[in-house]
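The primary structure of each chain is shown beneath.
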Amino acid sequence: MTDRGAARLWRLRAPLALLAPHAGARAASDAATGPAPRGRVDASKLPAPGSYRLARIMKAPDGTVLDSDGRSHRLHRLLAGRLSVVSFMYTYCRDPEGCPKAWAAMDALHAALLRDPALAAVSQLVSLSFDPTNDTPQQMRQYGGERVADARVRWRFLTTASVPALLPLLDGFGQDVTVETDTRGRPTRTLNHMLKLFLVDEALQVREVYSVATLSHEAMVNDLRTLAMERAAARP
């Protein structure tokens, strides 16, 4: 890791480590920070799948995660070989422009994949918690509900064993998180983060990053179909 990366990881570790001793949490809001948003996606103007190329932005990071049954996995092993949409979230977020918005987009994508079994066969959805203390595997299983066991569309609900296990994944994806403090500078249970979803190809390359302003399940379906066509063309 570079000196710059190590320093950034320390800035994440210091506030997030405050989450570890506490169980339970209050509803949290997502910060409206980061680059100025682009215009909302107009689904009627999306280019046809396969008529464009998606850049290889970076390699997805690796780390140890827990599935909703409590089993340990390397994230790369779960992502390799499939087209994945990865969403960071936490189960108690209530900000309508935060995790619930990501859930709505992911759930609409789930419904679209149900209507396209061929695309569903090469794709998956991944929801990974920001707060491993509250969001245990059991909590993630409850959050996922019937979608956890729906074999028609793979949707993984993941957490980590601890905050230190989570930090390399946050840093590797470039997903910033801060803990809000009160007027006395004491940490609260509010997590601030910029909503991002990541499109990862079968070779573990991040190919698109969706934000609040660009989040559209129609765009994600288009991009998955584009990568599926790229994948098929690369095979003999």
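Residues numbered from 1 in each chain as written. Predicted model: local features only at pLDDT ≥ 70, side-chain atom pairs only at ≥ 80, totals over all residues. Heavy atoms only, no water.

Attention shifts here to the overall build of the protein. Along its length, the protein carries seven helices and 10 strands. For the protein, the residues scored as buried account for 47% of the 236 residues in total. Taking the contacts inside the protein whose residues are at least 6 apart along the sequence as the reference set, 75% of them involve residues at least 24 apart. A total accessible area of about 11400 Å² is found for the protein, and carbon and sulfur atoms account for 54% of it. (Helix = DSSP H or I, 4+ residues; strand = E, 2+ residues; numbered from the N terminus. Buried < 20%, exposed > 50% of the residue type's maximum accessible area, 1.4 Å probe, protein only. Contact = heavy atoms within 4.5 Å. Areas by Shrake-Rupley, 256 points an atom, 1.4 Å probe, with all protein chains shown as cover.)

Bringing the nonpolar core into the picture now. Grouped together as the largest cluster of nonpolar side chains are 53 residues, with contacts concentrated most on F173 and L197. The element best represented in this core is helix α3 (residues 99-114), accounting for seven residues. (Core = buried A, V, L, I, M, F, W, Y, C linked by side-chain atoms within 4.5 Å.)

Of the residues in the protein, 76% reach a pLDDT of 70 or more, and the chain-wide mean stands at 82. This stretch, residues 1-15, has a pLDDT under 50; its non-local contacts, to residues over four places away or in other chains, come to 19 contacts. Confidence drops under pLDDT 50 across residues 17-39; counting only partners more than four residues distant or on other chains, this segment forms 53 contacts. (pLDDT = per-residue confidence, 0-100.)

Note on placement: N222 falls in helix α7 (residues 217-234). With residues near it in sequence (within four places) discarded, N222 still touches L46, P47, A48, P49 and Y52.

Note that H110 resides in helix α3. Owing to a relative accessible area of 6%, H110 belongs among the buried residues under this scheme. With near-sequence residues (within four places) excluded, H110 lies in contact with L125, R147, D150, V153 and W155.

Quick look at the sheet that holds strand β10 (residues 205-210) now. Judged by pairing direction, the sheet is mixed, and its six strands sit side by side in the order β1-β10-β9-β4-β5-β6 without closing on themselves. One side of each edge strand has no neighbouring strand; the edge strands of this open sheet are β1 (58-59) and β6 (155-158). Contacts between helix α5 (residues 137-144) and the sheet are confined to β4 (83-89), β5 (123-129) and β6, with β6 contributing the most and set at about 145° to the helix. Across the sheet, α7 is in contact with β4, β5, β9 (197-200) and β10; its angle to β10 comes to roughly 165°. (Pairing = 2+ DSSP bridges. Axes fitted to C-alpha atoms, helices over the stretch in contact; angles between N-to-C directions.)

On to the pairing of β5, then. Of all the seven residues making up β5, seven are buried; the element is thus mostly covered by neighbouring parts of the structure. Residues of β5 alternate between two faces, with S123, L125, S127 and S129 on one and Q124, V126 and L128 on the opposite face, all of them buried. Alignment of β4 against β5, held across seven bridges, turns out to be parallel. Looking at β5, one finds that S84 is bridged to Q124. Inspection of the sheet shows β5 paired to β6 by four bridges, in the parallel sense. Residue pairing across strands places V126 opposite R156, the latter belonging to β6.

This part takes up α5. Within α5, the full set of buried residues consists of P137, M140 and G144. Considered in projection along α5, the buried side chains sweep an arc of 60° and stay on one side of the axis. In α5, the exposed residues that point more than 90 degrees away from the buried face are Q138 and Q142. Buried residues in α5 make contact with β2 (64-66), β4, β5 and β6. Following α5 by one or two positions, G145 has its phi on the positive side, about 60°. (Arc of directions from axis to C-beta.)

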